[in-house]
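These are the residues of each chain, in order.
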Amino acid sequence: TLPRETLLERIAFGSCLHQRVPQPIWKSVLAANPQLFLMMGDNVYGDVSDASLKEMIAAYDAQAQQPELAAAREQIPFLATWDDHDFGYNDAVGDFPHKAGTRKLFAKYWNILEASLPDGGVYRSEIFGPEGRRVRRRAPRGRRADGRADRVGAGGGDRAARRHRPRAPPRR
């Protein structure tokens with residue numbers, strides 16, 4: 001974990017990390033020597049079709065086997081939030097019926113004490129650095145039950161904000 005008093009000068013961030021494709025980007029990330037990496041959502045593509053969560057479990061298992069990502073996670077502190085593919089399916093919203101189960105998987109994969117997460121989401125706010133040079137890292141909840149994203153413009157938030165009702169999960 002990253003000590004709270006760390007003066008952050010090099011922060012890297014990314015999203016949309018599919019577990020079934022090569023991830024050579026991590027070599028460049030490591031070469032940049034960031035002090036912190038922010039995963040901004042769609043950290044896996046585990047589009048869930050039923051309560052077994054088998055797709056999400058397989059997605060996290062596959063992501064854990066990515067050697068480049070594993071090397072990066074050994075060397076860089078990571079903080080993560082989620083988006084639609086991390087808890088449901090493409091453009092899933094906050095009332096997705098299996099969100100509680102996928103939230104448990106998210107917490108397990110990212111080594112987050114589940115009890116420290118707010119009810120129904122993964123919101124966290126943390127402050128790093130000395131007085132006068134602080135950085136606040138805020139991990140939004142992701143998508144709300146009304147279909148809007150907490151962070152408009154990321155993870156399909158603009159599309160989601162215009163939608164009036166959630167779509168059904170994809171059929172297999």
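This text goes with the structure placed above it.
The rules behind each value
- Residues numbered from 1 in each chain as written.
- Predicted model: local features only at pLDDT ≥ 70, side-chain atom pairs only at ≥ 80, totals over all residues.
- Heavy atoms only, no water.
- Helix = DSSP H or I, 4+ residues; strand = E, 2+ residues; numbered from the N terminus.
- Areas by Shrake-Rupley, 256 points an atom, 1.4 Å probe, with all protein chains shown as cover.
- Buried < 20%, exposed > 50% of the residue type's maximum accessible area, 1.4 Å probe, protein only.
- Pairing = 2+ DSSP bridges.
- Right-handed = clockwise from strand over helix to strand, strands pointing away.
- Axes fitted to C-alpha atoms, helices over the stretch in contact; angles between N-to-C directions.
- Parallel < 35°, antiparallel > 145°, perpendicular 65-115°, else oblique.
- Left-handed = near helix turned anticlockwise from the far one by under 90°.
- Contact = heavy atoms within 4.5 Å.
- Nonpolar A, V, L, I, M, F, W, Y, C, P; charged D, E, K, R; others polar.
- 1 Å grid on protein atoms, 1.4 Å probe; cavity = no way out; pocket = protein on both sides within 12 Å on 5 of 7 lines; lining within 4 Å.
- Points joined across faces, edges and corners; volume = space filled by probe spheres on them.
- Core = buried A, V, L, I, M, F, W, Y, C linked by side-chain atoms within 4.5 Å.

Glancing now at the overall build of the chain. If you tally the helices and strands in the chain, you get six helices and five strands. Seen in sequence order, the chain has helices and strands lined up from the N terminus as β-α-β-α-α-β-α-α-β-β-α. A total of about 9400 Å² of accessible surface is found on the chain, and carbon and sulfur atoms cover 53% of it.

So, on to the pairing of strand β2 (residues 36-39). Because side chains alternate across β2, one face comprises the buried residues L36 and L38, and the other comprises F37 and M39, equally buried. Pairing analysis gives four bridges linking strand β1 (residues 11-14) to β2, with the strands arranged parallel. For F13, the partnering residue across the bridge sits in β2 and is L38. Read from β1 through helix α1 (residues 25-32) to β2, the crossover connection turns out right-handed. As paired elements, β2 and strand β3 (residues 78-80) share three bridges and run parallel to each other. Residue pairing for β3: L38 is matched across the bridge by L79.

All right, on to the packing of helix α2 (residues 54-64) against helix α5 (residues 99-109) then. Packing of α2 against α5 brings their axes to within 10 Å, and their N-to-C directions diverge by 10°. With respect to each other, α2 and α5 are oriented roughly parallel. Between α2 and α5 lies a crossing whose hand is right-handed. From α2, M56, I57, Y60, Q63 and A64 reach across to α5, where they touch T102, L105, F106 and Y109. The class makeup of the residues in the contact of α2 with α5 is seven nonpolar, two polar and no charged.

If you add up the space inside the largest pocket, you get close to 470 Å³. Around the largest pocket, the lining is made up of 16 residues, and of these T1, F78, L79, W110 and N111 lie nearest the centre. Counting residues per element, the ones that place at least two in the lining of the largest pocket are β3 and β4 (124-128). Of the residues contributing to the lining of the largest pocket, the split by class is nine nonpolar, three polar and four charged. Considered as a void within the structure, the second largest pocket measures approximately 260 Å³ in volume. What lines the second largest pocket is a set of 13 residues, and nearest its centre among them are Y60, D61, A64, K108 and Y109.

Looking now at the environment of A51. Within the element layout of this structure, A51 appears in the loop between β2 and α2. For the pair A51 and P97, spaced 46 residues apart in sequence, the C-alpha separation works out to 8.3 Å.

Moving on, we get to the nonpolar core. W26, F37, M39, Y60, F78, F106 and W110 are the most contacted members of the largest nonpolar core, which has 30 residues in total. Put simply, the parts of the chain that give this core at least two residues each are α1, β2, α2, α3 (67-75), β3 and α5. For this core, the leading source of residues is α5, giving four residues. Residues within four places of F37 in sequence aside, it is in contact with A12, F13, G14, W26, V29, I76, P77, F78 and L79.

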